[in-house]
Amino acid sequence: MINFNAKKGFICDMDGVIYYGNNILPGVKEFIHWLQDTKKEYLFLTNNSSSTPKELSQKLSRMGLDVSENHFYTSALATAAFLKDQAPGCSAYVIGEAGLFNALYNAGITMNDVDPDYVVVGEGKSYSLDALTKATNLVLAGAKLIGANSDVSGPIEHGIAPACGALIAPIEIATGKKAYFCGKPNPLMMRTGLRILNCHSAEAVMVGDRMDTDVITGLESGMSTVLVLSGISTQETLKEYAYRPSVVLNGVGDIPRLAKKAAQESVSGAANVTVTKVTEK
């Protein structure tokens, strides 16, 4: 069991952890209020590249949660930071939504559908056969292939939707080129998250609903890990992997409940020790 009260920072996935599509999950309000009331450092680290931090803040606001945009970091921002570091001022042909385009623009990366340095793919409704064909031929002409994340699916209200890993696969197959993915489980994204929180990995907890991205990233970064069963992974999923999370919970609402219970037991234990010492005298 993790001593949640002793941890300084919490990095949480969003889809399947905080909400499922447009529906907030049980216990989320209690969890966020606990983070804020106990003055924990926290960051929502999402592989979904479609939305900007401001849009994610507004989405939570519509669900009755007050979380400012500085508490969000997306795979779109991770992708933009990677390209800015690798090739400042480069150009890209992009398949994705506003979150990805805005992040790239803000990093000084220009759009180019003729001879780009990179082809960048994220989630989005702009995905089409025409865009796919254009991307394929640009990669064959020498553009490097970048994926915002390697997730093959993501939760929606009535099932799952194909995510970036699935959408980029046809380009990989058609060109024989493998994409480089910037989102989880890439450790660069997790290290950035820890820097934003100003936390050492031993002081932080990774909370997610996927064994193949959230848990493995937290584990390999030296963090305590929580798998919640409110999203993609299930108890059966655990059997497929050689590694395990630090703890498995039904949802994030269990975290403040366990923290409160641990605090009460600590106070009770301290009181018992005091009574014993007084009796001995």
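Scroll up for the structure.
Note that the structure is a prediction, hence the values are computed from the model and not measured.

**A word on the sheet that holds strand 12 (residues 180–181)**
Sheet architecture is open: five strands sit in the order 7-6-8-9-12, paired in parallel fashion. With one partner strand each, in any of the chains shown, strand 7 (110–111) and strand 12 form the two edges of the open sheet. Across four bridges, strand 8 (residues 118–121) lies against strand 9 (residues 144–147) in parallel orientation. Along strand 9, the bridge assignment pairs V120 with I146. Its contacts with the sheet place helix 5 (residues 129–140) against strand 6 (91–95), strand 8 and strand 9, and it is angled at close to 150° to strand 6.

**Topic: the state of the cysteines**
Using the criterion set out here, one finds zero disulfides in the structure. The thiol of C12 is not disulfide-bonded; the next cysteine sulfur, from C199, is found 12 Å away.

**Overview of helix 1 (residues 28–37)**
Within the sequence span of helix 1, burial applies to V28, F31, I32, W34 and L35. One face of helix 1 carries all of its buried residues, which in axial projection span an arc of 155°. Just downstream of helix 1, K39 is the residue with a positive phi angle, here 55°.

**Things to note about the packing of aromatic side chains**
Scanning the model with the defined rule gives seven aromatic pairs in all. Both rings, one in F82 and one in Y180, keep their centres 4.8 Å apart while their planes meet at 25°; by these two values the pair is stacked. One end of the pair, F82, is in helix 3 (residues 75–86); the other, Y180, is in strand 12, and 98 residues separate them in sequence. Under the relative-accessibility criterion, Y180 is labelled partly exposed at 35%. With a centroid separation of 5.3 Å and 50° between ring planes, the pair formed by Y241 and Y243 is classed as tilted. Taken together, F4, F10, F31 and W34 form an aromatic cluster joined through their ring pairs. Stacked on the ring of Y19, the Lys or Arg K59 has its end atom at 3.8 Å from the ring centre.

**Brief notes about the sheet that holds strand 14 (residues 224–228)**
Ordered by their spatial adjacency, six strands build an open sheet running 5-4-1-13-14-15, and the pairing between neighbours is parallel. Only two strands of the sheet have a single partner each, and these edge strands are strand 5 (72–74) and strand 15 (247–249). Here the strands of the sheet are splayed against their neighbours by 25° on average, with no regard to which way each runs. Across four bridges, the pairing between strand 1 (residues 9–12) and strand 13 (residues 204–208) is parallel. Residue pairing in the sheet places C12 in a bridge with V207 of strand 13. Helix 3 rests against strand 4 (41–46) and strand 5 of the sheet, and its axis sits at about 65° to strand 5. Sheet strands in contact with helix 7 (residues 187–197) are strand 1, strand 4, strand 5 and strand 13, and its direction is about 155° off that of strand 4.

**With respect to unusual backbone geometry**
For residues other than glycine, phi is negative in most cases, and the peptide bonds are mostly trans. In this chain, K184 is followed by P185 through a cis amide linkage whose omega measures 10°. Within the secondary structure, P185 sits in the loop between strand 12 and helix 7. Positive phi outside glycine occurs at K39, with the angle close to 55°. Position of K39 relative to the elements: it lies in the loop between helix 1 and strand 4.

Rules and cut-offs
Residues numbered from 1 in each chain as written. Predicted model: local features only at pLDDT ≥ 70, side-chain atom pairs only at ≥ 80, totals over all residues. Heavy atoms only, no water. Pairing = 2+ DSSP bridges. Helix = DSSP H or I, 4+ residues; strand = E, 2+ residues; numbered from the N terminus. Contact = heavy atoms within 4.5 Å. Axes fitted to C-alpha atoms, helices over the stretch in contact; angles between N-to-C directions. Disulfide = S-S within 2.5 Å. Buried < 20%, exposed > 50% of the residue type's maximum accessible area, 1.4 Å probe, protein only. Arc of directions from axis to C-beta. Phe/Tyr/Trp six-rings, centres within 6.5 Å; stacked < 30°, edge-to-face > 60°. Lys NZ or Arg CZ within 6 Å of the ring centre and 35° of its normal.

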